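Read off the chains here:
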Amino acid sequence: EPEVTQTPSHQVTQMGQEVILRCVPISNHLYFYWYRQILGQKVEFLVSFYNNEISEKSEIFDDQFSVERPDGSNFTLKIRSTKLEDSAMYFCASSDRGHGYTFGSGTRLTVV
Amino acid sequence: TQLLEQSPQFLSIQEGENLTVYCNSSSVFSSLQWYRQEPGEGPVLLVTVVTGGEVKKLKRLTFQFGDARKDSSLHITAAQTGDTGLYLCAAKRVGSGNTGKLIFGQGTTLQVKP
């Protein structure tokens, strides 16, 4: 069964530091997404990416956030200057036709 | 703001019982999905429904999309302890296309006791 792989599984970082969360989507998928889930809250959309550009982003996805697909395989989420409130589980997902998504296991980001 | 409201938020039943989880909204959606999420893991897709009134079955799980595409239900027959987990509904608004965001409900935590 193809899967979406995320690394690292857990990242602890100091407030103000930059972090890069990495994802390897399913190889023949065309649509890529980042979602996050703060502990005890709903899963929230951050950004969608298609054809090497951002298709849609939420109000959470401000100038501190960026995404890249640097080599046709990896899909990364960068947070430039982390804040305490960025602590959450970050999920990468991919889709071939935009309906059923395959989610990764997530990266737990803890900002201290 | 489009919201998906799930009910109940928590359900504890005995093994063998039947149950139904609801996902409601005042908005019309182009598609709706049900996921199951284990602690510390990402959501795992169970089913996608697209057509109003559509019914899909996955073993003991029956999923229905409302005629007006505003709501959905998940019915589990003869629940087993292995069904214990968090069930999430998520939907795409009409016109959002393949790149549009999924809106998630807050989830229903199901506990099936032996």
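For the structure, check the block above.
Residues numbered from 1 in each chain as written. Chains lettered and ligands numbered in written order. Predicted model: local features only at pLDDT ≥ 70, side-chain atom pairs only at ≥ 80, totals over all residues. Heavy atoms only, no water.

(A) Seen up close, the overall build of chain B. Of the regular secondary structure elements, chain B holds zero helices and eleven strands. Each helix (α) and strand (β) of chain B, taken in turn from the N terminus, gives the series β-β-β-β-β-β-β-β-β-β-β. Over its C-alpha atoms chain B spans a radius of gyration of 14 Å, differing by no more than 12% from the 13 Å that the globule rule assigns to 114 residues. Principal-axis analysis of the C-alpha atoms gives chain B an extent of 45 × 30 × 20 Å. In chain B, which comprises 114 residues, the proportion classed as buried is 46%. (Helix = DSSP H or I, 4+ residues; strand = E, 2+ residues; numbered from the N terminus. Rg over C-alpha atoms; globule rule 2.2 N^0.38 Å. Buried < 20%, exposed > 50% of the residue type's maximum accessible area, 1.4 Å probe, protein only.)

(B) Broad picture of unusual backbone geometry. Between A:Thr7 and the following residue, A:Pro8, the backbone shows a cis peptide bond with an omega angle of -10°. That bond from B:Ser7 to B:Pro8 is cis: its omega, -10°, falls within 30 degrees of zero. Here B:Pro8 is to be found in the loop between strand S1 (5-7) and strand S2 (10-14). Unusually for a residue other than glycine, A:Asn52 sits at a positive phi of about 65°. Along the chain, A:Asn52 turns up in the loop between strand S5 (43-50) and strand S6 (53-57). Owing to a relative accessible area of 60%, A:Asn52 belongs among the exposed residues under this scheme. Residues other than glycine seldom take positive phi values, yet B:Ala78 does so here, at roughly 50°. Residue position: B:Ala78 is located in the loop between strand S8 (71-76) and strand S9 (85-93). On the basis of relative accessible area, B:Ala78 is assigned to the partly exposed category, the value being 32%.

(C) Spatial organisation of the nonpolar core. One finds B:Ile13, B:Leu19, B:Leu32, B:Trp34, B:Leu74, B:Ile76 and B:Leu110 to be the most contacted residues of the largest nonpolar core, which totals 23 residues. Those elements that place two or more of their residues in this core are S2, strand S3 (19-24), strand S4 (29-37), strand S5 (44-49), strand S7 (61-65), S8, S9 and strand S11 (108-113) of chain B. Apart from the residues lying within four places of it in its own chain, the contact partners of B:Leu19 are B:Leu11, B:Ile13, B:Leu74, B:His75, B:Ile76, B:Ala79 and B:Leu110. Membership of the second largest hydrophobic core comes to 22 residues, among which are A:Trp34, A:Val47, A:Phe49 and A:Val111. (Core = buried A, V, L, I, M, F, W, Y, C linked by side-chain atoms within 4.5 Å. Contact = heavy atoms within 4.5 Å.)

(D) Looking closely at the pattern of salt bridges. Under the defined criterion, the tally for this structure stands at five salt bridges over all chains. With its nearest N and O atoms 3.2 Å apart, the salt bridge here joins A:Glu44 to A:Arg36. Residue B:Arg93 is joined to A:Glu56 by a salt bridge in which the shortest nitrogen-to-oxygen separation is 3.3 Å. Separated into two different chains, B:Arg93 in strand S9 and A:Glu56 in strand S6 make up a pair that spans both. (Salt bridge = Lys/Arg side-chain N within 4 Å of Asp/Glu carboxyl O.)

Nothing here speaks to function; it is geometry throughout.
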